[in-house]
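Descriptive structure summary
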Amino acid sequence: MTVQYEEIKSVKKAPDEEFYLPGHRTCAGCGPAIGYRLIAKAAGRNTIFIGPTGCMYVANTSYACGPWKVPWTHAQITNGGAVASGIEVAFKQLIKKGKIKDEFPNIIVMAGDGGSIDIGVQAASALFYRGHDVLFIMYDNESYANTGIQVSPMTPYGGNTTFTPPGPMIPEGKKLFPKDPMLIFAGGGHPAVKYAATASIGYPVDLMNKVRKGLAFEGPAFLHVHCPCPKGWTYPSDRTIDLAKLAVQTGMWFLYELEDGVRKWSRKVDKLRPVEDYLLGQGRFTHLEPEHVAKLQAWVNERAQVLGLNATLPPVH
Amino acid sequence: MAKSYPEVPFAAIVPCPTVENDKMVTGNWRSLRPVVDMETCTFCKTCWLLCPDASVVSDDEAEEISFNLKYCKGCGICSSVCPVDAIRRVPELDFTD
Amino acid sequence: MTTKKRSTGLTAVCDAWQLVDIDVTASYPIRPYTAVMAEVAKRIANGQMKCEMVYAEGEHGQFSIAHGASMAGARATTGSSGVGLTYAAELYSPIAGGRCPIQVLVGDRTLDPPGDFGSEHTDCLTMRDNGWIFGWAQDAQEALDNSLMCFRIGEDPDIMLPQIVAMDGYFVTHITQDYEVPDQDLVDRFLPPFKPKFRLDVNNPVIMGPQITPEMGPPLEWDRNVVMQRAKGKIVEVTEEFGRLFGRHYAPFVEEYMTEGAEMVFLLQGAHAVTCKSAVKYLREAGYPVGMLRLRWVRPFPEEALQAIAAKFKVIGVIDTGTSYGAAGGGGVLLVETRASISETPDKPIVQGFTSGLGGEVITHDEFFRMAEMMRKTLEAGQLVQSSTWVNFNDYV
């Protein structure tokens, strides 16, 4: 993309203008909505959003309306990456042929976990492979939330969803560990992806700058944004930011960038808090036994080591 | 009697809003209203930035915070993220407006 | 300058796409349509065509890419065959309902199971309910001409519908034929640049396709019905304009061949009509009062055009080169649609079905003769002898 990277220095220095306006049917305290607002703010006026089916489609556009000040189009849950590719190529061609006088816009896909890494993974992968000038953002609320909270490949081990309810036969509820989209999209297997980053709404300035960086990099960029979900995770709506921070503090979410394949940690972390601190107060985890928590802690510790986080890790009980 | 249907836009394409999306007014969801104590407030603008509904209004000149009660859902995030506890959540039923 | 050319149906459509200066196409290989994309790729590489070809990840991706490009205001195309077309099934309604006038080239192919590269019409007929306009070309010339006419009809501000330009796999996609490539100036006069009512544009921001309440659904769908019906008039108008400008005059909906004095007619679509015409000539010489009707459109189905001529005949033998298992009458889609079209026509003919040409098989002269003999039996009986005959399987002569 031809945008120049302009860092946002602080909360107070964040741009004033809103591009994700009041008036949407998202849950009170909705994490993805906070994400959308920050992303739209960072991207600015010259932006086109592609919204595959999911909470950020249905909840935002109920009914026959929407909160975006910039152009936005629906896409199928399956094809956010493909529709964005078509839009990108169209703009490039129409500008090249002189059929339109537009400036090439920021093209951003806002896809949920399903639309990015499950049913939408094929289209996303193809977009990354073909090298389109598109920023693909995965807003991760760790479930298929819009349909009433069903398991997705991003639901953590032990996460209670309507497809992974705990019971005597399956005490942990969810037995599987999640996919790692950063590894899949940006781990070197898609050579055209030069910039990818995880982000969290708990660290809004960091998130906004990563959006801008992604837009500034040539070719496709990928952002994986952690967005706690009061309905899906079952917690009081005011804890959304709190939980986002706890996820990072416990290693249930790692915050880093991959620039040309080189990892750069976004925060100095000397020591990880035990996962219990994050699990506490989330209804989706109340059924977990100590052995399940231990498994989660072990997983966090292993990931921290594999990713090369230099921090003291909590013991596995 | 034949039922009459609403006018629908071509191919379900609607214009973007410019200030607010008043087709989905959400202020009536609220059971707890945010109230800010401007004496305590340090105008760090964290509440403003993190409101999912862009309903914390920041007057940069006067350095004052207020709330867009037409849309505020009462989620309480503003209150929760405030570093100096300047925002209380007060039951809606306590207000007469 | 019109150029005389000797090539395939696929190349002919590529010629059309070049003439109309498409902006974006999306490719993915599947037999038998693939060569059109290879041809586009060649022409991009040598500078003949100024468009971008996106290598899609699959047919679902192809349609999605073309959809996105169209929303951004580009003239976009794609194509496929067989199970590729059914894989893209999710997108047909969103694209038509979104009123994005993309063009899809179909080199038809039998659906799995198992793998069969031969031609059958079932693949895109399966998608007929979604609101696209489409029909079959019988040869390379008609494929090129249909492509041009489809852009003109589909992109018309009163219509704005996506189109399928269908042709028989192998018979039209691959057989080398003579055709004429029209003059660029004439094409420019015939087809204006694509200027959609709405596109993704930060200077005129819109929200495309928001979630609606149930009660907004019916009027949106009524609109789609209205425009599909309106397309019939537009097809007539454009076909006539095409004839005036390019000198090739097509019947807008139904081509009649040797129907003067015919008591029985074959009704079919696509390339098998070429053999049929030859068979009809022989049959006439042998004393069979037979003619042929060839459909140029299957959506919108030309019921009025059929109603206008149906009473001229006593028997219509509808030939389906495709299947619709369990359909009323035991035959295929064309049998159902034809019977439905003339069900209320006074003095309507007896309509019987033939299923033939499945799997990419040629319908031989011999088979046409046998079908004609079966129709003659129906004529003699004055009523249906057998509702649907799968030729070679349950013939009654």
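Numbers given for residues are sequential positions, taken from 1 along each chain in its written order. The lettering of chains begins at A and the numbering of ligands begins at 1, in the order of writing. Side-chain atom pairs in this predicted model are given and counted only at pLDDT of 80 or more, local residue features only at pLDDT of at least 70, and totals for whole chains, interfaces and linings cover all residues.

Examining the overall build of chain C
Starting at the N terminus, helices and strands are each numbered in turn, a helix being any DSSP run of H or I of at least four residues and a strand any DSSP run of E of at least two. Within chain C, the regular secondary structure consists of 13 helices and 15 strands. A globule of 397 residues ought to have a C-alpha radius of gyration of about 21 Å, and chain C, at 21 Å, matches this closely. By its C-alpha atoms, chain C is 70 × 55 × 45 Å across when sized along the principal axes. Think of it this way: build a C-beta for each residue from its backbone, and any pair within 7 Å is a contact. Taking contacts inside chain C between residues at least 6 apart in sequence as the whole, the part at least 24 apart equals 79%. C-alpha atoms define the radius of gyration, and 2.2 Å times the number of residues to the power 0.38 defines the globule rule.

Brief notes about the interface of chain B and chain A
At the junction of the two partners, chain B supplies 33 residues and chain A supplies 33 residues. At the level of elements, helix H1 (46–50) and helix H2 (77–81) of chain B are the ones that each hand at least two residues to the side of chain B that touches chain A. For the side of chain B that touches chain A, the class distribution of residues is 17 nonpolar, 10 polar and 6 charged. Gly falls in the polar group here, along with every residue not listed as nonpolar (Ala, Val, Leu, Ile, Met, Phe, Trp, Tyr, Cys, Pro) or charged (Asp, Glu, Lys, Arg).

Section: the interface of chain C and chain A
Facing 38 residues of chain C, the contacting portion of chain A comprises 42 residues. Within the residue set of the side of chain C that touches chain A, elements represented by two or more residues are strand S3 (52–55), helix H3 (59–71), helix H5 (89–97) and strand S9 (206–208) of chain C. Ranked by the residues each element gives to the side of chain C that touches chain A, the list is headed by H3(C), at 9 residues. Of the residues assigned to the side of chain C that touches chain A, the class counts are 22 nonpolar, 10 polar and 6 charged. Note: two strands are recorded as paired if DSSP finds a minimum of 2 bridges between them. Sheet analysis places strand S2 (residues 72–75) of chain A next to S9(C), joined by 2 bridges and oriented parallel. Across the sheet, Trp72(A) pairs through a bridge with Ile207(C), a residue of S9(C).

Points about helix H12 (residues 333–341) of chain C
Here a residue counts as buried when 20 or more other C-beta atoms fall within 10 Å of its C-beta, as exposed when 12 or fewer do, and as partly exposed in between; the C-beta atoms come from the backbone. Along H12(C), the residues that are buried comprise Val333(C), Leu334(C), Leu335(C), Glu337(C) and Thr338(C). The elements touched by buried residues of H12(C) are helix H6 (122–125), strand S11 (264–269), helix H11 (303–310), strand S13 (315–320), strand S14 (350–355) and strand S15 (388–390) of chain C.

Some words on the environment of Ile363(C)
Residue and element names in this part refer to chain C. Tracing the backbone through its elements, the reader meets Ile-363 in the loop between S14 and helix H13 (365–381). We classify Ile-363 as buried; it has 23 C-beta atoms within 10 Å. Separated by 88 residues in sequence, Ile-363 and Thr-275 have C-alpha atoms that sit 7.4 Å apart. In this structure Ile-363 touches His-272, Thr-275, Ser-356, Gly-357 and Phe-368, once residues within four positions along its chain are discounted.

Looking at the domain arrangement of chain C
Residues and elements named next belong to chain C. For chain C, the assigned domains read domain 1 (3–246) and domain 2 (254–390). Bear in mind that the domain bounds are from an automatic or database domain assignment. Look at where the C-alpha atoms of domain 1 and domain 2 centre, and you get two points 28 Å apart. Counting residues at the interface gives 27 residues for domain 1 and 20 residues for domain 2. Of all the secondary structure elements, the ones that give two or more residues to the side of domain 1 that touches domain 2 are H6, strand S6 (133–137) and helix H9 (217–246). Looking at the side of domain 1 that touches domain 2, the element that brings in the most residues is H9, giving 5 residues. Taken together, the residues of the side of domain 1 that touches domain 2 sort by class into 12 nonpolar, 9 polar and 6 charged.

Things to note about the environment of Arg25(A)
Along the chain, Arg25(A) falls in the segment before helix H1 (31–43). Separated by 291 residues in sequence, Arg25(A) and Val316(A) place their C-alpha atoms 41 Å apart. Sequence-distant contacts of Arg25(A), defined by excluding residues within four places in its chain, comprise Ala59(A), Ser62(A) and Met24(B).

Observations concerning the sheet that holds strand S1 (residues 13–15) of chain B
Spatial ordering of the open sheet is given by S8(A)-S7(A)-S5(A)-S6(A)-S4(A)-S3(A)-S1(A)-S2(A)-S9(C)-S1(B), a layout of 10 strands whose pairing is mixed. With one partner strand each, in any of the chains shown, strand S8 (262–265) of chain A together with S1 of chain B form the two edges of the open sheet. Pairs of neighbouring strands in the sheet enclose a mean axial angle of 20°, with direction left out of account. Summarising the sheet, S1(B) and S9(C) pair through 3 bridges and their orientation is antiparallel. Looking across to S9(C), one finds that Pro15(B) is bridged to Val206(C). Sheet strands touched by helix H3 (residues 80–96) of chain A: strand S1 (47–52), S2, strand S3 (106–112) and strand S4 (135–140) of chain A. Its angle to S3(A), the strand with the most contacts, is close to 170°. Every axis in this analysis is a line fitted to C-alpha atoms, fitted for helices over the stretch in contact. Angles between the N-to-C directions lie between 0 and 180 degrees.

Points about helix H7 (residues 140–154) of chain C
Here the expected span of a helix is defined as 1.5 Å times the quantity of residues minus one. With 15 residues, H7(C) should cover 21 Å at 1.5 Å per step; its first-to-last C-alpha distance of 21 Å lies within 8% of that length. Burial runs high along H7(C): 14 of the 15 residues are buried.

Topic: the nonpolar core
Ile87(A), Ile137(A) and Val13(C) are the most contacted members of the largest nonpolar core, which totals 239 residues. Of the residues that make up this core, three or more belong to each of domain 1 (3–246) and domain 2 (254–390) of chain C. When residues no more than four places from it in sequence are discounted, the contact partners of Ile87(A) are Ile48(A), Ile50(A), Ile107(A), Gly68(C), Ala69(C), Met71(C), Ala72(C) and Leu200(C). The term nonpolar core means buried Ala, Val, Leu, Ile, Met, Phe, Trp, Tyr and Cys residues held together as one set by C-beta atoms within 7 Å.

Digging into the packing of helix H10 (residues 272–285) of chain C against H13(C)
Residues and elements named next belong to chain C. Look at H10 against H13: their axes get within 9 Å of each other, and the N-to-C directions meet at 60°. What the angle tells us is that H10 and H13 run oblique. As for how H10 packs across H13, the hand of that crossing is right-handed. Listed contacts from H13 to Thr-275, Cys-276, Ser-278, Ala-279, Tyr-282 and Leu-283 of H10 are His-365, Phe-368, Phe-369 and Ala-372. When the residues that make up the contact of H10 with H13 are grouped by side-chain class, the tally is 7 nonpolar, 3 polar and no charged. Relative orientations are named as follows: roughly parallel for angles under 35 degrees, roughly antiparallel for angles over 145 degrees, roughly perpendicular for angles from 65 to 115 degrees, and oblique for any other angle. In this scheme, a crossing is called left-handed if the near helix is turned counterclockwise away from the far one by less than a right angle; it is called right-handed if the turn is clockwise.

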